[in-house]
Structures are given as structure tokens and as C-alpha cells.
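Chain residues, written in single-letter form:
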Amino acid sequence: MSPAPTSSPTRLSMTQVLLCGAAIVTLSMGIRHGFGLWLQPVTTERGWTRETFAFALAVQNIAWGLAGPFAGMLADRFGAFRVLVSGSLLYALGLVLMGLSTTGLAFTGSAGLLIGMAQSGTTYAVIYGVIGRHVAPEKRSWAMGVAAAAGSFGQFLMVPVENGLIGGVGWQNALFILGAAALAIIPLSFGLREPRAVPAAGGAPQQSMGAAIKEALGSRSFQLLTAGYFVCGFQVVFIGVHLPSYLKDRGLEPQVATTALALIGLFNVFGTYAAGTLGQRLAKRHILSAIYALRAVAITAFITLPLSPMSVYVFASVMGVLWLSTVPPTNAVVAQIFGVRFLSMLGGFVFLSHQVGSFLGVWLGGKLFDATGSYDVVWWIAVALGVVAALINQPVREQPIARPTPATASAA
């Protein structure tokens, strides 16, 4: 097997990767973060329960997670461009069909399955694979923080836009407009079109995809990171989808929820950027543990102290700092341990756990609300899981994994 080329022409410029990658994540994640705004208008007009809507978004999250490793495999093997274009087309189709669905099953297929698959090909795992392959290791955590901050800025930017569209043109037409917007990912993806020959990680021994999967799944640190990411998914998707309805049930105006979601996005711009920057200087496992512990404290304070618009805004701001700030250090640790050759794929496997947590968070929110008339049980589950995640990230070892010789690796 000939060695992988290492000449500079095979690399995309860091500026190009960050600009195009950040714009794609801004759009893809920005659309996704506003889905909770559709819960009440959709269920009211269609006559569905909250569980019906929540189940569709739960399927979206699990479909995103299940498709993630495969999208990552394709991106690692053929480049991110094809995956991004396919994801953009699926996203547009899913949004249009979401607006046209008149049954719970059709809504689950569009809002759930199609959009979930689309997100697997247009968000972090694919973008981080390109960053890992084209950004120097000493800047990698910072660059991942920039991309994650872009996703947060998308939430800050898009949630008010989506709320305005719902109020101005109706919830169905709002989805059609967003479907057209999702197609903007296609021209942006040309900036991430990688040369055929991508440099291997530091001359490391060549490794098969199957060997990389076996190596990662057998790593204790990978298992712990994966378990922690489950908690991240549970917390953020439960809050993102159900917070607007929770606040309305407690007598607050809808604008409070819109402002809260926008504040989460705004403050997470700073939180994710800070997490990526700190990841260049501090042990990433300590950063992750601190994030999960602080989430548990913030949620506890929010549900036990008197509720008011100001308390909502303070909670949203604090949670915003912690919202997606787990993403840069988690993916940077994966790259640090296993290298970047299969980073999109391995990031997809970690993210699968995140999405299993997301599935349970959004679905249990609707299920237990319908059963008890309250979100209280799910809030306390989120607190307990935050404590667990803070503890299990501490034993993660961030050193590069010791691999067999090239001859042994090839034989495997």
C-alpha cells in the first residue's frame, strides 16, 4: 500500500473550511432548533396529542443518530461534499412533507425519519471530519469550537425568524420557506469539496474501517464519552422542544419562550467557542465534567425557584453557555485518541448515543406530561443524569491509542 500523500495542495484552507462549515451548521442547526415552536400550532390544528408530535421528533433524533455512523463512513471514504448535497435535498423534502402531513404516521415519516437522516449528513459529524482532516492538531479544538458556535448562532438567528414566519404566513408556509432555505447548503458544500487524496494523520499506520470501529468500541474512554453524550442529548432536546409548552402551561406569554430559545443560542455562541478554546489548554474530560455538573445545578435552580420571565431568561442564558459546549471537547478527544482518518464515522457513533438520549428526552417529555399533566418528573431525571455524566467523564484518558505495527494492522 502506497503511503498517503502529505503535500499541502491536498489540504483545503482553514479559512475556507471554517466559513463554509460554519455556514452549513448555522443553517442546519438553526432550522432544527426551532421545531419546538411548531408543537402547539400543529397539535391544535391537527387534533393530535403532544405525544404524537413529541414521538415524531423523537424518531427524528434517533434516525439522525442511527444514520450518523453511515453518513460519517461515506464522508470519510468519498468526501463530505456528496453527503452534504444529499442531506440538503432530504432536509428540503422532509420540511415540505412535514407541512403537508395530515396523519401522525406521515408526520413521523417526514418530521422524524427524513429530517433525521438529513441532519446526519448536514451537521457536526460530517463537518468535524473535514475540520479534522484539514486543520492542524494544535488548532483543531478551537476550530471545532468555532463550528459549534456557528450552530448556536443559527439558533439565535433562526428561532426568531421561524417564530415570525409562523405568525406571519402560518405554520405550513413557514415550513415550505424553510425547505427552500435548506437548499442553500448545496452551494456552501462546494467549499468543503475535498481533493481525492487527503493526508493521513501524521503518517500513522493504515487502518481498515472495520478495525477502527472495533478499536473504538473496545476503548473504555470511548465508552465513557459515549455514555456522557447520551445525557447531553436527553437534556438539550427535552428542553429545546418542551420548554415553550412548559412556560405557556405556567402562564407565561409565548414571547418569553421565543426569547429564551434565542438567548440559549446567543449565549451558546460564547459557550461553545470558550469550550473549544479551553480544550487547547485544559484536560477536556474536566471541561466536560464541569459542563454536566453545572447543567444539573442550573436545572435544579430553575425548577425550584419562583418562575418569572426574568428567571427564564437567566436560566436560558446559563444553559446557553452550557448547551452545545460539550460538542467541541467530545469530538476533539475522539480525534486525539483515534486520529482523524475515520473521525466523521467515529463521531457518528458517539453522536448515536447522544440521539438515543434525545429520543428519550423528547418522547418522555410528551409521554409523562400526558400521563401526569406535568413535566416535573422529566426535569428531575435531567438533573440526575447531569450528575452521572459529570462523574463518568473523569476517568477518560486523552492519550493517543497505542496501535499495532502496520503489518499487523493490515492483516487485521
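About the cut-offs
Residues numbered from 1 in each chain as written. Predicted model: local features only at pLDDT ≥ 70, side-chain atom pairs only at ≥ 80, totals over all residues. Heavy atoms only, no water. Helix = DSSP H or I, 4+ residues; strand = E, 2+ residues; numbered from the N terminus. Rg over C-alpha atoms; globule rule 2.2 N^0.38 Å. Buried < 20%, exposed > 50% of the residue type's maximum accessible area, 1.4 Å probe, protein only. Contact = heavy atoms within 4.5 Å. Areas by Shrake-Rupley, 256 points an atom, 1.4 Å probe, with all protein chains shown as cover. Expected span 1.5 Å × (residues − 1). Phe/Tyr/Trp six-rings, centres within 6.5 Å; stacked < 30°, edge-to-face > 60°. Core = buried A, V, L, I, M, F, W, Y, C linked by side-chain atoms within 4.5 Å. Salt bridge = Lys/Arg side-chain N within 4 Å of Asp/Glu carboxyl O. Patch = residues over 30% accessible without salt bridge, like charges linked within 9 Å, V, L, I, M, F, W, Y side chains within 5 Å. Axes fitted to C-alpha atoms, helices over the stretch in contact; angles between N-to-C directions. Parallel < 35°, antiparallel > 145°, perpendicular 65-115°, else oblique. Left-handed = near helix turned anticlockwise from the far one by under 90°. Nonpolar A, V, L, I, M, F, W, Y, C, P; charged D, E, K, R; others polar.

1. Let's talk about the overall build of the protein
No. 1: For the protein, the helix and strand inventory stands at 18 helices and zero strands.
No. 2: For the protein, the C-alpha radius of gyration of 20 Å lies close to 22 Å, the compact-globule estimate for 412 residues.
No. 3: With the principal axes as the frame, the protein shows a C-alpha extent of 65 × 40 × 35 Å.
No. 4: By residue count, 57% of the 412 residues in the protein fall in the buried class.
No. 5: For the protein, contacts bridging at least 24 residues in sequence account for 88% of all contacts bridging at least 6.
No. 6: For the protein, the exposed area adds up to about 15600 Å²; of that, 68% sits on carbon and sulfur atoms.

2. Focus on helix α5 (residues 104-120)
No. 1: With 17 residues, α5 should reach 24 Å at 1.5 Å per residue; the first-to-last C-alpha distance of 23 Å fits that figure.
No. 2: By the burial criterion, the buried members of α5 are Phe107, Thr108, Ser110, Ala111, Gly112, Leu114, Ile115, Gly116, Ala118, Gln119 and Ser120.
No. 3: Close packing links the buried residues of α5 with α1 (14-33), α2 (39-46), α3 (50-78), α4 (80-100) and α6 (124-134).

3. Considering the packing of aromatic side chains
Here a ring pair, both rings aromatic, is described through the centre-centre distance and the interplanar angle of the planes.
No. 1: Scanning the entire structure with this criterion turns up 20 aromatic pairs.
No. 2: Geometrically, the ring pair formed by phenylalanine 238 and tyrosine 375 is edge-to-face, given 6.0 Å between the ring centres and 65° between the ring planes. On the criterion of sequence distance, the pair formed by phenylalanine 238 in helix α11 (residues 220-249) and tyrosine 375 in the loop between α16 (343-372) and α17 (376-392) is long-range, its members being 137 residues apart. Taken as a pair, phenylalanine 238 and tyrosine 375 share a single burial class, namely buried.

4. A short note on the nonpolar core
No. 1: With 119 residues, the main nonpolar core has Ile31, Trp38, Leu95, Ile131, Ile239, Leu247 and Trp379 as its most contacted residues.
No. 2: When residues of this core are assigned to their parent elements, the largest contribution, 15 residues, is made by α11.

5. Brief notes about the pattern of salt bridges
No. 1: Under the counting rule described, the total for this entry stands at five salt bridges.
No. 2: For arginine 133, the salt bridge goes to glutamate 194, with nearest N and O atoms at 2.9 Å. Placement of arginine 133 in helix α6 and of glutamate 194 in the loop between α9 (185-189) and α10 (209-217) is noted, with a sequence separation of 61 residues between them.
No. 3: With a shortest N-O distance of 3.7 Å, arginine 285 and glutamate 398 are connected by a salt bridge.

6. Considerations on a nonpolar patch on the surface
No. 1: A grouping of Leu93, Leu97 and Leu100 is seen on the molecular surface, where their side chains present a nonpolar patch of about 250 Å² in accessible area.
No. 2: Inspection of the secondary structure puts leucine 93 in helix α4.

7. Description of the packing of helix α15 (residues 327-338) against α16
No. 1: It is at 10 Å that the axes of α15 and α16 come closest, and there the two elements cross at 130°. It follows from the interaxial angle that α15 and α16 lie oblique. Crossing hand, α15 versus α16: right-handed. Together, Thr330, Asn331, Val334, Ala335 and Phe338 of α15 and Leu343, Leu346, Gly347 and Val350 of α16 make up the contact between the two elements.
No. 2: By residue class, the composition of the contact of α15 with α16 is six nonpolar, three polar and no charged.

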